[in-house]
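For reference, the chains in residue letters:
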Amino acid sequence: MTNDKRALLGKFFGFMHGTQRLARHQERPYHLRGQNRALVILAKEGTLIQSQLAEIMDIRPSSLTELLAKLEERGLITRTPDENDKRVTNVAITDEGKKLIQEDDSADDLLDEIFEGLSDEELTQLNDLMDKLNDSLKSKLPDRDEEPWGPHGHGHHGPFGRPFFGGPHGGPRGPHGPRDFF
């Protein structure tokens, strides 16, 4: 059964990699990372401290600062010092930023394309199964403070210390060709 589970996990990673490749090749690419992602998070969460946004996006604070500067130049976000602690910067989406993500239907088009092979009933089943898997996984995870990968609780490696795809060390198809996940 372990080999079946490894194959299934490999299919999950293959699906995620395929969706990222498809997103990059869209006529109007929906960016799964970067500026659009920051806007979507801010629209959903409201005003966040810059360090919170960096943690949610799982990017370096210096990279986030550069990304936010570009968004601020475009008038899509505001950054203001916290009234109680001037070392802390609050980040909020502007009305112009909200308008931009509401008008962007590329995400809907991409999602329709990704899931077009499934019926409504199959989508419901898949959604229920993913909820079940995520709930089970969450119950097994330690609190972020207890994680071995540092203060953000995010590792860039899979089980047994091997990198997942897409990171700085390649992935299943890294600099040395295809590799197994385990």
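Please read all numbers here as calculations on a predicted model, not as lab measurements.

Cut-offs applied
Residues numbered from 1 in each chain as written. Predicted model: local features only at pLDDT ≥ 70, side-chain atom pairs only at ≥ 80, totals over all residues. Heavy atoms only, no water. Buried < 20%, exposed > 50% of the residue type's maximum accessible area, 1.4 Å probe, protein only. Helix = DSSP H or I, 4+ residues; strand = E, 2+ residues; numbered from the N terminus. Arc of directions from axis to C-beta. Core = buried A, V, L, I, M, F, W, Y, C linked by side-chain atoms within 4.5 Å. Contact = heavy atoms within 4.5 Å. Axes fitted to C-alpha atoms, helices over the stretch in contact; angles between N-to-C directions. Left-handed = near helix turned anticlockwise from the far one by under 90°. Nonpolar A, V, L, I, M, F, W, Y, C, P; charged D, E, K, R; others polar. Salt bridge = Lys/Arg side-chain N within 4 Å of Asp/Glu carboxyl O.

Asks: Give me helix H3 (residues 50-57): which residues, what numbers.
Replies: Counting along an α-helix, one turn takes 3.6 residues, and residues three or four places apart therefore face a common direction. Within H3, burial applies to Gln50, Leu53, Ala54 and Met57. Viewed along the axis of H3, the buried residues span an arc of 100°, placing them on a single side of the element. Once H3 finishes, Asp58 follows within two positions and takes phi at roughly 55°, a positive value.

Asks: Go over unusual backbone geometry with me, naming the residues and quoting the values.
Replies: Notably, Asp58 is not glycine yet its phi reads approximately 55°, a positive angle. By secondary structure assignment, the location of Asp58 is in the loop between H3 and helix H4 (61-73). The exposure class of Asp58 is partly exposed, given its relative accessible area of 32%.

Asks: Explain the nonpolar core residue by residue, including any values.
Replies: In terms of nonpolar packing, the biggest core is built from 17 residues, with Leu53, Leu68 and Leu71 touching the most fellow members. Of all the secondary-structure elements, those providing two or more residues to this core are helix H2 (35-45), H3, H4 and strand E3 (89-93). Residues in contact with Leu68, not counting those within four places in the same chain, are Gln50, Leu53, Ile77, Arg79 and Val91.

Asks: For the packing of H2 against H3, give the residues involved together with the corresponding values.
Replies: The contact between H2 and H3 brings their axes to 11 Å, and the two run at 115°. Crossing handedness for the pair H2 and H3: right-handed. Here Arg37, Ala38, Ile41 and Leu42 of H2 lie close against H3, whose contacting residues are Leu53, Ile56 and Met57. Considered class by class, the residues forming the contact of H2 with H3 number 6 nonpolar, no polar and 1 charged.

Asks: I'd like to hear about the pattern of salt bridges, residue by residue, with values.
Replies: Scanning the model with the defined rule gives 3 salt bridges in all. A salt bridge links Glu66 to Lys70, with the shortest nitrogen-to-oxygen separation between them at 3.7 Å. Taken together, the positions of Glu66 and Lys70, both in helix H4 and 4 residues apart, correspond to about one turn of that helix. Asp85 is the salt-bridge partner of Arg87, the closest N and O atoms lying 3.0 Å from each other. Look at Arg87 and you get exposed, because its relative accessible area is 75%.

Asks: Which residues make up the environment of Ile49, and what are the values?
Replies: Mapped onto the secondary structure, Ile49 falls in strand E1 (residues 48-49). Judged by its relative accessible area of 29%, Ile49 falls in the partly exposed class. Here the alpha-carbon distance between Ile49 and Pro81, two residues 32 residues apart in the chain, equals 9.5 Å. Excluding its chain neighbours within four sequence positions, the residues that come into contact with Ile49 are Val88, Thr89 and Asn90.

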